[in-house]
Amino acid sequence: MTPHDQAGDGVRALLAPDEFHGRHIGPSEAQQAAMLARLGHPSRDALIRATVPPAILLDAPLAFEGPATEADALAELRGLAARNQVWRSYIGAGYHDTLVPEPIRRNVLENPGWYTAYTPYQAEVAQGRLEALLNYQQMIIDLTGLPVANASLLDEATAAAEAMAMARRASKSRSTRFFVDADVHPQVLSVIRTRAQWMGFEVVTGHAETVLGGDTAQTGGDSDFFGAHLQTPDTQGRLRDFTPQIAALHAAGARVSVGCDPLAAMLVKSAGAMGADIAIGSAQRFGVPLGYGGPHAAFMSAREELVRTMPGRIIGVSKDAAGNPALRMALQTREQHIRREKATSNICTAQALLANMAGFYAVWHGPQGLRRIALRVNAMGRLLAKLLAEVAQARGGAPLQPAHAAWFDTLAFDVGTLLADIRERAAALRINLRELPAAEGEPARIGIALDETVKPVDIVDLVFVLTGQHLDAASLEAALDALPADPASVPAALRRTDAVLTHPVFSRHHSESEFVRYLKKLENRDISLVHSMIPLGSCTMKLNAAAEMAPVTWPEFAAIHPFAPREQAAGYAAMLEQLGRWLAEITGFAAVSFQPNSGAQGEYAGLLAIRDFLAARGQGHRDVCLIPASAHGTNPASAQMMGMKIVVVACDDQGNIDLADLDAKIAKHRDAVAALMVTYPSTHGVFEDTIVEVCRRVHDAGGQVYMDGANLNAQAGLTKPGLIGADVCHMNLHKTFCIPHGGGGPGMGPIAVAAHLAPHLPTDPLSGEPGSVSAAPFGSALITTISWMYIRMMGASGIRKATEVAILNANYVAARLQDYFPVLYRGHSGSVAHECILDMRNLKAEYGVSAEDVAKRLMDYGFHAPTLSFPVADTLMVEPTESEPKAELDRFCDAMIAIHGELQKIRSGEWDAEDNPLKCAPHTAAEIAGEWTHAYSRETAAFPLPWVREAKFWPSVKRIDNAAGDRHLVCSCPPMSDYEEDDAPEAHPAPAVEPAGATA
């Protein structure tokens, strides 16, 4: 029994475990009946049978558990969480325990106003998170000493691989060799090697000072590289100044990226000061939980001349129609959704929510607070070294000394035959250390990475682990009294001398009252699912239930290091095995990998499996990827990253794959066809009847079929990619399986594969060998708990029901709006799948307005616009999802119908062709309260329908001038005087980049 429905006779109905169905699925049974009547179908089943081709429609239910109540599912997951063991972790390797400030945990991480928003393409209703991301960019710019930064990448290893590709685009060298220092983190090296394999790059490893030249010599080393990746502090904690090596590489025309640590950067010479072209790293230790590997925000910054080759989102400053400062995503013409295979990368989802948390961490602590944390962490390391020396002196033996003289927070010790005893004592105290690789004949070495959670009593425990000696309180207190605050382990030549985080935003909000009000001010500028439906086609903005989100902050899941011994993560293993089994059943495949941490990363991993499979069969020459013209831009971008040749397959007038053109392309490239990338239902929002035949023809040509899982919300429980004929698909857990979009990330893109591809799934990133695609073995493992909760509460029956209602809701919206805005594509029976495309290509000719004008006008009605101009220019693609009730669907349709009425007033001449509510949308509160210059009324502008008054959302800026922001790119925080009174504190000037042309 669901909350919408009446209890039947008998106690069994009262005990039914499917109550969550009615929480997640918006329309009640009665509302569904009304919508079905409007469509002329007697039941949901009748609608589905008229919509989904019978050859692929499942009659049998999914073969896994039935639904569970919220309480029962949480209790079951609690049981799994209890099987994880949270030990004190000193493993490091790019991951550190951290203290999440409670105002950030409560007001951002656990706040649907932040985590249910979408990527800020509609910038006028996204100014809050855009400002938060701009703060993050400013933080990275300051810490790395480079003038431009992006708004986050997926993880540190992926960022390093992106930096390699960026170096190739920017390098003047003709070499195909890329140098990687031997002491970068092993997962970074592994992902770089994977990326290099199919891009035709040779990865050379070694010690930079040896291979590239000595500490002072700028010549004499090997410089035949197009680029290099270095790291300081390196994976053993050693601080290194790469200034001469970078200069030597530059002299040979190469580009250099440097991996760095954001907390170390408070004290240590920046990558920019060393001459680096690119800096990358992870912002995880800035208030983001370990989460068994993620999600975490990676960062990238670069020289000004490289900005148009950077991957990912870049937040820039522009102006709105009233001339006021406004923010937007800049330089979008270089991204995958526009440049496709010529894009700078395939990145679609980034890590916006985690980047915001890291940026707010810097706002909360400020430069003084962050420096204090950095000094304290370093002091704990020096306390450890001091106490070890004192223990050795008391014993009269040789002390355990750090293997390196210069370090920030990580100490390496050569322990030799002591290793076994150290292991035993560490296990007794539930402490994880890192055993560093040692060359043959060298003593065993361990690493100890310290972090902001470490206290002096922890250091006492570490002394015992290393020496077996218990220290008394008096010895600890004496050592603390004698220890200076000066970071003596950071040499003077490597110390930072310039000021960082000088912008006022990092100094104004340190009291909790000020800070929480700042967070709320930003949150109030953005539309999220707490305001209204977000009907973005191909985005699946469904409910992110509170019960699904709750486990994300449980320490049993949040506080596990990704490289902790597997036996300490038994709960994770059981949870992921269960979730993988469910996803394999839903997709009809044999095996699942959770390593890809975005949908585009899943595409890349799927194509990697295909290429490796073909190569293993002696068909590595197959490199043609067939992609329909309607495909999402990530498809060709991912194929290009895999070294494939993109061949576009045409679509017919109904939006389906043109079989004749497919045959022609296969005939032309038969011996080279590697794969077809296809989205199903198509990006045109229909179930193509010929999909099985399309897959068969590709297989007959020797190729494999990659199915893009972007539209899996129309398949789950009704059909399966494996049944249709695909060999691999990725699943957007942040769409179909309820992980929130977070304002532009996190996401998860695990892949499911047929049995023959299972041996070619991503490999363990600690192997150091090609095959891994992300830094952590299970990607962003923490948020898989969300999808586990969703599937467990819905059960097999609920998954199918949700899909049926998603299709019902889309068809209802199409039926209500078809007389006003034609539905561009329909299936064989006249139905659409889970989304529909509203055709507005006639608006310019008939009314002088565009689909963009309609999108901006919807903001005045309180709605985020549907997907604009994808996959067809001058259209809006609407995906209501199953979570929206009929009342909300009607409210959206009423708004669209009202806008159609406004178009008629323009046509009739009642409203001016330029001065009308559509061309001037959106309207701000300041505009309404100010001097009114429009011919139409204030009420028409701000309250176009009566219900808008009940909960008015006010856009904080007017329409933004995109071109101006790209012509004069500024991607750091503007002076506060741009926003505030004349007496605002003086801020440092924001660096501007003058682009070479209007577009990239």
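Residues numbered from 1 in each chain as written. Predicted model: local features only at pLDDT ≥ 70, side-chain atom pairs only at ≥ 80, totals over all residues. Heavy atoms only, no water.

### Examining the overall build of the protein
Then, in step 1: Looking only at helices and strands, one finds 34 helices and 24 strands in the protein.
Then, in step 2: Expected size for 1000 residues packed as a compact globule is a radius of gyration near 30 Å; at 29 Å, the protein falls within 12% of this value.
Then, in step 3: Projected onto its principal axes, the C-alpha coordinates of the protein cover approximately 95 × 65 × 65 Å.
Then, in step 4: Of all 1000 residues assigned to the protein, the portion counted as buried reaches 65%.
Then, in step 5: Taking the 85 positively charged and 112 negatively charged side chains of the protein as two groups, their mean positions are separated by 2 Å. (Helix = DSSP H or I, 4+ residues; strand = E, 2+ residues; numbered from the N terminus. Rg over C-alpha atoms; globule rule 2.2 N^0.38 Å. Buried < 20%, exposed > 50% of the residue type's maximum accessible area, 1.4 Å probe, protein only. Lys, Arg positive; Asp, Glu negative; His and termini not counted. Charge placed at Lys NZ, Arg CZ, Asp CG, Glu CD.)

### Overview of the sheet that holds strand β11 (residues 410-414)
Then, in step 1: Strand order across the open sheet formed by three strands is β11-β14-β13, with antiparallel pairing between neighbours. The open sheet has two edge strands, β11 and β13 (434-436), and neither has a second partner. In this sheet, adjacent strand axes meet at a mean angle of 30 degrees when their direction is disregarded.
Then, in step 2: Looking at chain direction, β13 and strand β14 (residues 445-449) are connected through three bridges and run antiparallel. Bridge pairing links leucine 436 to arginine 445 in β14. (Pairing = 2+ DSSP bridges. Axes fitted to C-alpha atoms, helices over the stretch in contact; angles between N-to-C directions.)

### Looking at the UniProt feature "domain: Glycine cleavage system P-protein N-terminal" (unreviewed entry) in the protein
Then, in step 1: Under the local residue numbering, the UniProt record ascribes the feature "domain: Glycine cleavage system P-protein N-terminal" (unreviewed entry) to residues 23-465 and 489-762.
Then, in step 2: The span residues 489-762 carries 32% helix and 11% strand; its end-to-end C-alpha distance comes to 39 Å. (UniProt positions renumbered as here; feature names shortened; annotations may be inferred.)

### Topic: the packing of aromatic side chains
Then, in step 1: For the coordinates displayed, the defined rule picks out 23 aromatic pairs.
Then, in step 2: Between phenylalanine 360 and phenylalanine 515 the ring centres are 6.3 Å apart and the planes differ by 90 degrees, which places this aromatic pair in the edge-to-face class. Remark: phenylalanine 515 occurs in helix α19 (residues 512-523) and phenylalanine 360 occurs in helix α15 (residues 352-395); sequence separation between them is 155 residues.
Then, in step 3: With centroids separated by 5.1 Å and ring planes inclined at 70 degrees, the aromatic side chains of phenylalanine 557 and tyrosine 572 adopt a geometry described as edge-to-face. Note that phenylalanine 557 is positioned in helix α21 (residues 555-558) and tyrosine 572 in helix α22 (residues 570-587), a separation of 15 residues in sequence. (Phe/Tyr/Trp six-rings, centres within 6.5 Å; stacked < 30°, edge-to-face > 60°.)

### Quick notes on the UniProt feature "domain: Glycine dehydrogenase C-terminal" (unreviewed entry) in the protein
Then, in step 1: Cross-referencing UniProt, the feature "domain: Glycine dehydrogenase C-terminal" (unreviewed entry) maps to residues 802-923 in the present numbering.
Then, in step 2: The span residues 802-923 shows a helical share of 44% and a strand share of 8%, and its end C-alpha atoms are spaced 36 Å apart.

### Here we look at the sheet that holds strand β4 (residues 202-206)
Then, in step 1: Spatially, seven strands are ordered β2-β8-β7-β6-β5-β3-β4 in an open sheet, and the strand pairing comes out mixed. In this open sheet, the two strands that pair with only one neighbour each are β2 (148-149) and β4.
Then, in step 2: Of the pairings in the sheet, the one linking strand β7 (residues 278-282) to strand β8 (residues 298-302) comprises five bridges and is antiparallel in character. Across the sheet, residue serine 282 finds its bridge partner in β8, namely alanine 298.
Then, in step 3: Where helix α8 (residues 127-144) meets the sheet, its contacts fall on β2, β7 and β8, and the angle it forms with β8 comes to roughly 65 degrees.
Then, in step 4: Docked against the sheet, helix α9 (residues 156-170) engages β3 (177-181), β5 (227-231), β6 (255-259), β7 and β8, running at close to 170 degrees with respect to β7. (Contact = heavy atoms within 4.5 Å.)

### Some remarks on the layout of surface pockets
Then, in step 1: Here the second largest pocket defines a volume of roughly 450 Å³.
Then, in step 2: Listed by contribution, the elements that provide at least two residues to the lining of the second largest pocket are α16 (419-428), β12 (431-432) and β13.
Then, in step 3: When the residues that make up the lining of the second largest pocket are grouped by side-chain class, the tally is 15 nonpolar, two polar and three charged. (1 Å grid on protein atoms, 1.4 Å probe; cavity = no way out; pocket = protein on both sides within 12 Å on 5 of 7 lines; lining within 4 Å. Points joined across faces, edges and corners; volume = space filled by probe spheres on them. Nonpolar A, V, L, I, M, F, W, Y, C, P; charged D, E, K, R; others polar.)

### Some thoughts on the domain arrangement of the protein
Then, in step 1: Partitioning the protein into structural domains gives domain 1 (87-108 + 127-312 + 347-525), domain 2 (550-555 + 586-780) and domain 3 (804-961).
Then, in step 2: Averaged C-alpha coordinates put domain 1 and domain 2 at centres separated by 34 Å.
Then, in step 3: Contact with domain 1, which involves 30 residues of that partner, is made by 39 residues of domain 2.
Then, in step 4: Surface buried jointly by domain 1 and domain 2 totals about 2700 Å² across both partners, of which 57% is contributed by carbon and sulfur atoms.
Then, in step 5: Of all residues in domain 1, the largest losses of buried area upon contact with domain 2 belong to Thr194, Trp198 and Thr349, amounting jointly to 25% of the total for that side.
Then, in step 6: At the junction of domain 1 and domain 2, the tally comes to zero salt bridges.
Then, in step 7: At the junction of domain 1 with domain 2, the criterion picks out eleven residue pairs in polar contact (both at pLDDT 80 or more).
Then, in step 8: Among the secondary structure elements, those contributing two or more residues to the side of domain 1 that touches domain 2 are α9, α10 (186-199) and α15.
Then, in step 9: When residues in the side of domain 1 that touches domain 2 are grouped by element, the largest group, eleven residues, is from α10.
Then, in step 10: Per-class residue counts for the side of domain 1 that touches domain 2 are 15 nonpolar, nine polar and six charged. (Domains from an automatic or database assignment. Buried area = accessible area lost by both parts, 1.4 Å probe. Salt bridge = Lys/Arg side-chain N within 4 Å of Asp/Glu carboxyl O. Polar contact = N/O pair within 3.5 Å; in protein donor to acceptor, adjacent residues only side chain to side chain.)

### Things to note about the pairing of β4
Then, in step 1: Sheet topology note: the β3/β4 ladder contains five bridges and is parallel. Among the inter-strand pairings, phenylalanine 178 is bridged to a residue of β4, identified as valine 203.
Then, in step 2: Remark: the β3/α10/β4 crossover connection has right-handed handedness. (Right-handed = clockwise from strand over helix to strand, strands pointing away.)

### Focus: a nonpolar patch on the surface
Then, in step 1: Taken together, the side chains of Val11, Leu14 and Leu15 present a nonpolar region at the surface, about 330 Å² in accessible area.
Then, in step 2: Take valine 11: it is sitting in helix α1 (residues 11-14).
Then, in step 3: On the accessibility criterion, valine 11 (56% relative accessible area) is exposed. (Patch = residues over 30% accessible without salt bridge, like charges linked within 9 Å, V, L, I, M, F, W, Y side chains within 5 Å. Areas by Shrake-Rupley, 256 points an atom, 1.4 Å probe, with all protein chains shown as cover.)

### Some details on empty space enclosed by the protein
Then, in step 1: A full pass over the atoms with the stated rule returns eleven cavities of 30 Å³ or more.
Then, in step 2: Of the volumes computed, that of the largest cavity is approximately 240 Å³.
Then, in step 3: In terms of lining, the largest cavity is formed by 24 residues, of which the most central are Gly94, His96, His185, Pro233 and Asp261.
Then, in step 4: Class assignment of the residues belonging to the lining of the largest cavity gives a composition of seven nonpolar, twelve polar and five charged.
Then, in step 5: Approximately 140 Å³ is the volume found for the second largest cavity.
Then, in step 6: Counting contributing residues per domain, the lining of the second largest cavity is built from domain 1 (87-108 + 127-312 + 347-525) and domain 2 (550-555 + 586-780), each supplying no fewer than three.

### Quick word on the pattern of salt bridges
Then, in step 1: Taken as a whole and assessed by the stated rule, the structure comprises 57 salt bridges.
Then, in step 2: Close ionic contact of arginine 238 with aspartate 234 constitutes a salt bridge, the shortest N to O distance being 3.0 Å.
Then, in step 3: We classify arginine 238 as partly exposed; its relative accessible area is 21%.
Then, in step 4: In this structure aspartate 234 comes out as buried when scored by relative accessible area, which is 3%.
Then, in step 5: A salt bridge links lysine 269 to aspartate 241; its shortest N-O distance comes to 3.0 Å. With lysine 269 in the loop between β6 and α13 (271-274) and aspartate 241 in the loop between β5 and α12 (243-251), this residue pair connects regions lying 28 residues apart in the sequence.

### A look at the confidence of the model for the protein
Then, in step 1: Put simply, the protein has an average pLDDT of 93, and 94% of its residues get 70 or more.
Then, in step 2: Note that residues 981-1000 has pLDDT below 50 and, in this model, 48 contacts with residues that lie over four places away or in other chains. (pLDDT = per-residue confidence, 0-100.)

### Concerning the pairing of strand β24 (residues 875-878)
Then, in step 1: Judged by which residues are buried, β24 turns out to be covered on both faces: Thr875 and Met877 on one side and Leu876 and Val878 on the other are all buried.
Then, in step 2: Pairing of strand β22 (residues 836-839) with β24 involves four bridges; the strand directions are antiparallel. For aspartate 839, the partnering residue across the bridge sits in β24 and is threonine 875.
Then, in step 3: Strand direction decides the pairing type here: strand β23 (residues 867-868) and β24, joined by two bridges, are antiparallel. The partner of leucine 868 across the bridge, within β24, is leucine 876.
Then, in step 4: Between β23 and β24, which pair antiparallel and follow one another directly, the connecting turn spans six residues, one of which, serine 869, has a positive phi of 60 degrees.

### A look at the environment of glutamate 884
Then, in step 1: Note that glutamate 884 resides in the loop between β24 and α31 (886-908).
Then, in step 2: Accessibility expressed as a relative area gives 11% for glutamate 884, which makes it buried.
Then, in step 3: Separated by 249 residues in sequence, glutamate 884 and asparagine 635 place their C-alpha atoms 29 Å apart.

### Overview of unusual backbone geometry
Then, in step 1: Backbone torsion omega between glycine 745 and proline 746 reads 20 degrees, so that peptide bond is classified as cis.
Then, in step 2: Here proline 746 is to be found in the loop between β20 (728-730) and β21 (751-753).
Then, in step 3: You will see that leucine 501, though not glycine, has its phi angle at about 55 degrees, which is positive.
Then, in step 4: Within the element layout of this structure, leucine 501 appears in the loop between α18 (473-482) and α19.
Then, in step 5: Residues other than glycine seldom take positive phi values, yet threonine 881 does so here, at roughly 65 degrees.
Then, in step 6: In this fold, threonine 881 is placed in the loop between β24 and α31.

### A short note on α22
Think of an α-helix as 3.6 residues a turn; residues three or four steps apart then line up on the same face.
Then, in step 1: The end-to-end C-alpha separation of α22 is 25 Å, in line with the 26 Å expected for 18 residues at 1.5 Å each.
Then, in step 2: Glycine 588, located one to two residues past α22, shows a positive phi value of around 80 degrees. (Expected span 1.5 Å × (residues − 1).)

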